[in-house]
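Coordinate analysis (summary)
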Amino acid sequence: MIKLNFNSEIDKKGGAKLLKEIAMDPMGGWLMLPKEIDTGEFVRIKEAAKEIRDSSEYLVCIGIGGSYLGHRAIIEALRPQSETKIIYAGNSLSKRELDWALDKVGDHDFSVNVISKSGTTLEPAIAFAAFKEKLIQKYGEEGAYQRMYATTDAKKGALHDEAAACGYKMFVVPDNIGGRYSVLTAVGLLPMAVAGVDVDKLLEGASDAIETAVEPALRYATMRFSLDGRRYDTEIFASFEPATMYFNEWLKQLFGESEGKDKRGILPDSVIYSTDLHSLGQYIQDGRRNLFETIIDYPTDEMNAKVVKAVQMAHAEGGIPVLTIGVPSFDEKGFGELIYFFELSCALSAKMIGVNPFDQPGVEAYKTKLKELLAE
């Protein structure tokens with residue numbers, strides 16, 4: 001069970017109202033997903049994962065934002081053992097990075113999992129075109145199509161239509177779950193299963209959290225709301241395990257896209273201690289007092305535990321509100337619980353400040369400008 005080392009008064013009646021709003025929202029499908037996952041789809045995911053592991057040295061995961069951050073976070077944190085390695089592409093427009101990924105695959109056997117609701121997002125579309133060409137050159141058209149796995153809309157869209165026409169194996173991005181809340185859908189489950197993550201235990205942890213995480217999530221969201229009202233407008237997510245860097249990146253997207261609207265929301269940032277105590281540590285200790293710190297306290301060794309305690313003491317004495325979230329175990333079950341806890345906390349936090357947790361209208365602004373520049 002998630003443990004908190006801070007106290008906050010919570011309005012349980014108000015919290016129940018917010019939970020009901022989330023459950024009734026058209027994009028609230030993630031709320032009961034761990035208990036209501038499509039068992040047929042889940043079996044197909046595990047069968048496809050075995051197929052990929054049996055045939056490929058690499059799986060190229062193509063996606064951006066919520067299409068890759070969540071599963072990359074878990075894979076890099078747990079470092080599971082699998083002979084099939086994951087390569088990521090389509091999360092930037094850097095030609096250098098794309099060329100690196102193509103060279104890394106080289107002449108090895110590989111498969112591709114392209115993850116996109118529409119299939120028209122520019123970054124993954126460019127990467128998919130490059131890897132599709134490489135697959136066809138190596139295996140021929142028919143052989144290439146057998147190594148393509150599309151996670152996309154169930155009924156429509158450019159990627160859906162191409163996958164249906166060419167016979168790619170298809171998995172569904174549910175209509176009622178947005179990208180940054182999708183890590184426990186096929187979006188995340190297929191790559192994680194290929195990498196060797198025990199996805200059954202991951203879902204077990206998340207399923208348990210449906211019952212156990214509600215009050216801690218309400219307390220955490222209430223504390224964040226209170227700090228925001230006192231002009232603490234930046235939250236530093238702090239971890240003491242370097243392998244959790246991408247979990248921090250997922251948290252920044254989750255909270256940034258969910259809360260950052262209508263000139264509202266707490267700015268999320270992150271650090272890895274003790275490394276960043278020797279860079280950002282000076283600012284956090286002695287800089288502007290507009291920030292608070294959320295320490296994610298994973299089970300760790302004795303030395304790291306001493307550093308956690310030292311940071312809690314030093315930063316509190318420096319005038320920084322320090323919240324600590326204790327993670328029950330550094331394994332699939334623990335991360336399943338942690339994922340659900342933060343998804344629920346984030347949705348509640350956004351509701352408390354009066355913004356929609358599930359849209360991201362600002363993301364479209366740069367896309368519009370880029371399309372204009374490309375058209376020129």
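So, a few notes on the structure that sits alongside this text. (Residues numbered from 1 in each chain as written. Predicted model: local features only at pLDDT ≥ 70, side-chain atom pairs only at ≥ 80, totals over all residues. Heavy atoms only, no water.)

**Overview of the nonpolar core**
If you look at the biggest cluster of nonpolar residues, it comprises 80 residues, and the most contacted ones within it are Trp30, Phe247, Trp250, Leu338 and Phe342. Top contributing element to this core by residue count: helix H14 (residues 332–353), with ten residues. Other than its neighbours up to four places away in sequence, Phe342 contacts Tyr220, Phe237, Phe247, Trp250, Leu251, Leu254, Phe255, Ile296 and Ile325. Counting 24 residues, the second-largest nonpolar core is a separate cluster that includes Ala89, Phe110, Val114 and Ala130. (Core = buried A, V, L, I, M, F, W, Y, C linked by side-chain atoms within 4.5 Å. Buried < 20%, exposed > 50% of the residue type's maximum accessible area, 1.4 Å probe, protein only. Helix = DSSP H or I, 4+ residues; strand = E, 2+ residues; numbered from the N terminus. Contact = heavy atoms within 4.5 Å.)

**Structural notes on the pattern of salt bridges**
When the charged atoms of two side chains lie near each other, side chains of opposite charge can form a pair. Going through the model one piece at a time under the given rule, you end up with 22 salt bridges. When the shortest N-O distance is used, the salt bridge between Asp54 and Lys50 registers 2.8 Å. On the criterion of helical spacing, the pair formed by Asp54 and Lys50 is a turn pair, its members being four residues apart in helix H3 (residues 39–55). The partner of Arg180 in a salt bridge is Glu257, and the shortest N-O contact between them spans 3.0 Å. In this pair, Arg180 sits in the loop between strand S6 (169–172) and helix H8 (186–195) while Glu257 sits in helix H11 (residues 245–259), placing the two residues 77 residues apart along the sequence. (Salt bridge = Lys/Arg side-chain N within 4 Å of Asp/Glu carboxyl O.)

**Quick word on the sheet that holds strand S3 (residues 85–89)**
Strands sit in the order S3-S2-S4-S5-S6 across an open sheet of five strands; the sheet is parallel. Strands at the two margins of the open sheet, each flanked by one partner only, are S3 and S6. If you compare each strand with its neighbour and ignore which way they point, the axes differ by 20 degrees on average. Sheet topology note: the strand S4 (residues 110–115)/strand S5 (residues 148–152) ladder contains four bridges and is parallel. Across the sheet, residue Ile115 finds its bridge partner in S5, namely Thr151. Lying on the sheet, helix H4 (residues 69–78) is in contact with strand S2 (58–62), S3 and S4; it crosses S3 at an angle near 145 degrees. Strand contacts of helix H6 (residues 122–145): S2, S3, S4 and S5, with the helix running at about 140 degrees to S4, the strand carrying the most contacts. (Pairing = 2+ DSSP bridges. Axes fitted to C-alpha atoms, helices over the stretch in contact; angles between N-to-C directions.)

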